Amino acid sequence: MAAFLRRGLVLTLRHTLGQGSKSVYPSALPAAILGACRSKKTWPVSYTQEELRKRLTPKQFHVTQERGTESAFTGEFTYHKDEGTYNCVVCGAPLFSSHSKFDSGSGWPSFFDLLKEESITLSDDFSYGLHRVETTCSQCGAHLGHLFDDGPKPTGKRYCMNSASLAFQPKDAPLDGACGSTDGKAEL
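How each quantity is defined
In this convention, every chain numbers its residues from 1, walking through the sequence in written order. Only residues with pLDDT of at least 70 get local features here, since the model is predicted, and only at 80 or more are side-chain atom pairs given and counted; chain-wide, interface and lining totals rely on the full set of residues. No hydrogens and no water enter the side-chain calculation; it runs on all heavy atoms of the structure. Here's how the labels work: a residue is buried when its accessible area is under 20% of the maximum for its type, exposed when over 50%, partly exposed in between, all with a 1.4 Å probe on protein chains only. Strands are runs of DSSP state E lasting at least two residues, helices are runs of H or I lasting at least four, and both sets are numbered from the N terminus onward. We call two residues contacting when some pair of their heavy atoms lies within 4.5 Å.

## Remarks on helix α4 (residues 58-65)
- Along α4, the residues that are buried comprise Gln60, Phe61, His62, Val63 and Thr64.
- For α4, the secondary structure elements touched by its buried residues are α3 (49-55) and β7 (143-148).
- Two residues or fewer past α4, Arg67 is found with a positive phi of approximately 60°.

Structure representation (structure tokens):
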């Protein structure tokens, strides 16, 4: 009986993984299976999936819309040291100052504080059998990364972000509404 149930679960998961996203990345499991506990269903800023697929790179789409994660030590902003502001790659909302960025050794860009407390929405994430705190953009709901309580003083927080979810606005660049992405694909 146990073998029959295991086989049924495996077939169900294979069926689920075989459908859905047309991105170059494997389909994301539905949030209910992954264990996400998002309670907010509408966001102040919204875009169609078609518009996002045209505007974002496949990696940016996978990370921000399918709750993906880029490989450690591969992101554009992991070792980035320039002064400026890190914005949401989807909607351009300002999230972090370069002054709060630090090298956590984790392989992802890490920050100890937000520009504004209300710029990020937190939710419980029980995916992969772990409890983590997921961070999403409060304006558009884009997945950014996770929050941990092992950061430096004064906050003790580590906002562990995916580079693919961020765009950088240099300190001296004119504010023209563009996100400041280096590849130009995610500009507003």
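## Comments concerning the side chain of Ser98
- On the secondary structure map, Ser98 appears in the loop between β2 (94-97) and β3 (101-102).
- Excluding its chain neighbours within four sequence positions, the residues that come into contact with Ser98 are Asp82, Glu83, Gly84 and Tyr86.

## Points about unusual backbone geometry
- With an omega of 15°, the peptide bond between Lys153 and Pro154 qualifies as cis.
- Here Pro154 is to be found in the loop between β7 and β8 (158-161).
- Phi is positive for Phe73, which is not a glycine, with a value near 65°.
- Mapped onto the elements, Phe73 comes out in the loop between α4 and β1 (84-88).
- Overall, the relative accessible area of 46% leaves Phe73 in the partly exposed class.
- One non-glycine residue, Tyr128, adopts positive backbone phi at about 60°.
- Topologically, Tyr128 is positioned in the loop between β5 (120-125) and β6 (132-137).

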